[in-house]
Amino acid sequence: MANMNQYEIERFFCEILQNEKEISAGIAAIRTLMKVLENDESETVQGLHSNLQIAVAVMKTTEHPVTGVASGCELFMRFITLATLDTKTFAECKSIMLNRGKLFLKKLMQAKGKVAELASSFIIDGYCVLTHSKSRVVLETLKEASQQNKRFEVYVTQSALDDTGKEMCNQLREANIMCTLILDSAVGYVMEKVDIVVVGAEGVVESGGIINKIGTYTMALCAKEMKKPFFVLTESFKFCRLYPLNQHDLPNEFKYTARTLGKDLSQEHPLVDYTPPAYINLLFTDLGILTPSAVSDELIKLYL
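Residues numbered from 1 in each chain as written. Predicted model: local features only at pLDDT ≥ 70, side-chain atom pairs only at ≥ 80, totals over all residues. Heavy atoms only, no water.

The name an unreviewed UniProt entry assigns to the protein is Translation initiation factor eIF2B subunit alpha, from the organism Ladona fulva. The UniProt entry for the protein carries the following text under Sequence similarities (unreviewed entry): "Belongs to the eIF-2B alpha/beta/delta subunits family." In UniProt, the protein has this text filed under Subcellular location (unreviewed entry): "Cytoplasm, Cytosol". (UniProt positions renumbered as here; feature names shortened; annotations may be inferred.)

Now for empty space enclosed by the protein. Following the criterion strictly, the structure yields one cavity of 30 Å³ or more and no others. Here the largest cavity is characterised by a volume of approximately 40 Å³. In this structure, the largest cavity is lined by Ala 119, Phe 122, Ile 123, Thr 141, Ile 196, Val 198, Phe 231, Leu 233 and Phe 284. A class-by-class count of the residues in the lining of the largest cavity yields eight nonpolar, one polar and no charged. (1 Å grid on protein atoms, 1.4 Å probe; cavity = no way out; pocket = protein on both sides within 12 Å on 5 of 7 lines; lining within 4 Å. Points joined across faces, edges and corners; volume = space filled by probe spheres on them. Nonpolar A, V, L, I, M, F, W, Y, C, P; charged D, E, K, R; others polar.)

So, about the layout of surface pockets. For the largest pocket, the calculated volume is near 1,000 Å³. Together, 39 residues line the largest pocket, and Pro 65, Arg 136, Asp 162, Thr 164 and Glu 202 are the ones closest to its centre. Among the elements of the structure, helix H1 (6-19), helix H2 (25-39), helix H4 (66-81), helix H6 (136-147), helix H7 (164-174), strand E6 (210-213) and helix H10 (252-255) are those that each provide at least two residues to the lining of the largest pocket. Split into classes, the residues belonging to the lining of the largest pocket amount to 15 nonpolar, twelve polar and twelve charged. (Helix = DSSP H or I, 4+ residues; strand = E, 2+ residues; numbered from the N terminus.)

Our next topic: the sheet that holds strand E5 (residues 203-204). Ordered by their spatial adjacency, three strands build an open sheet running E5-E6-E8, and the pairing between neighbours is antiparallel. Each edge of the open sheet is held by one strand with a lone partner, namely E5 and strand E8 (272-275). The pairing of E6 with E8 spans four bridges and is antiparallel. Looking across to E8, one finds that Asn 212 is bridged to Asp 273. (Pairing = 2+ DSSP bridges.)

The first and last C-alpha atoms of H4 sit 22 Å apart over 16 residues, in line with the 22 Å expected at 1.5 Å per residue. Burial in H4 covers these residues: Val 66, Thr 67, Gly 68, Val 69, Ala 70, Ser 71, Gly 72, Cys 73, Leu 75, Phe 76, Met 77 and Ile 80. (Expected span 1.5 Å × (residues − 1). Buried < 20%, exposed > 50% of the residue type's maximum accessible area, 1.4 Å probe, protein only.)

Spatially, E3-E2-E1-E4-E7-E9-E10 is the arrangement adopted by the seven strands of the open sheet, whose pairing is mixed. Here the strands that pair on one side only, and so sit at the sheet edges, are strand E3 (178-182) and strand E10 (288-290). The mean angle between the axes of side-by-side strands here comes to 25°, regardless of whether they run parallel or antiparallel. Note that strand E9 (residues 282-285) and E10 share three bridges and pair antiparallel. Bridge assignment links Leu 283 to a residue of E10, and that residue is Leu 290. Against the sheet, H6 engages strand E1 (128-131), strand E2 (153-157), strand E4 (196-199) and strand E7 (230-233), with an angle of about 105° to E7. Against the sheet, H7 makes contact with E1, E2 and E3, and its axis sits at roughly 165° relative to E3, the strand it touches most. (Axes fitted to C-alpha atoms, helices over the stretch in contact; angles between N-to-C directions. Contact = heavy atoms within 4.5 Å.)

Pasting the structure below:
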């Protein structure tokens, strides 16, 4: 057993995302930290903590979304390092860290199912549902509702720049769910037919707003104007300690890939936007159904 170098960390993280399509970047990052922890040869808590921080920095420089990586890793580090408060030897401390890490990961793997179970009851037979891009937890929820013998129609935005909406639409069709792919610019046109809007989130900030694929804010504005419920489906490991006031307050590392950060960003298109809490009706999470104003209380509990 030997410490993982930066190349090995990046390869391990990227291979999870390449080979396991249903795993989010946040969970892949936490699995990578567990691997680093298992292989670490440090003899002090400070040394181990430093190596974990290096691993987080390496994963943030890949071409994968940073928001979930940042929030998931921060919460994971907070959870496992509590072990340092109640142990005397480093070996005992590391053993407890590993056990806590496995427990944390197990809870995360169950989170998507809990969200789907809660949110599926809000999808009523005969509904027309609008969603944006591809979201694993939204897909799981729609499948759950379909398995309850509900019949509904789904509109999915194509989602430029990477057209992930096409993949979402194909997966819905494979599950025998009626689905129509629409242009991002057609959101206003179809909104009058829609009964409910459901989206995922790359991150949930302290205000109760969300960071998600570019175009989410536009959809929320339109839903608010036309008085359509706008629901967010997300796991609690995506809660992050940020408080953006507007689009420009989002950190650049969240808005752009590592490849573009060194360039003139005025010529680059942001990958995500910020939807303020005023446009969100409810958030369905593994912690329960929350109003946006309740998110800050849950964040405090998570980081206590």
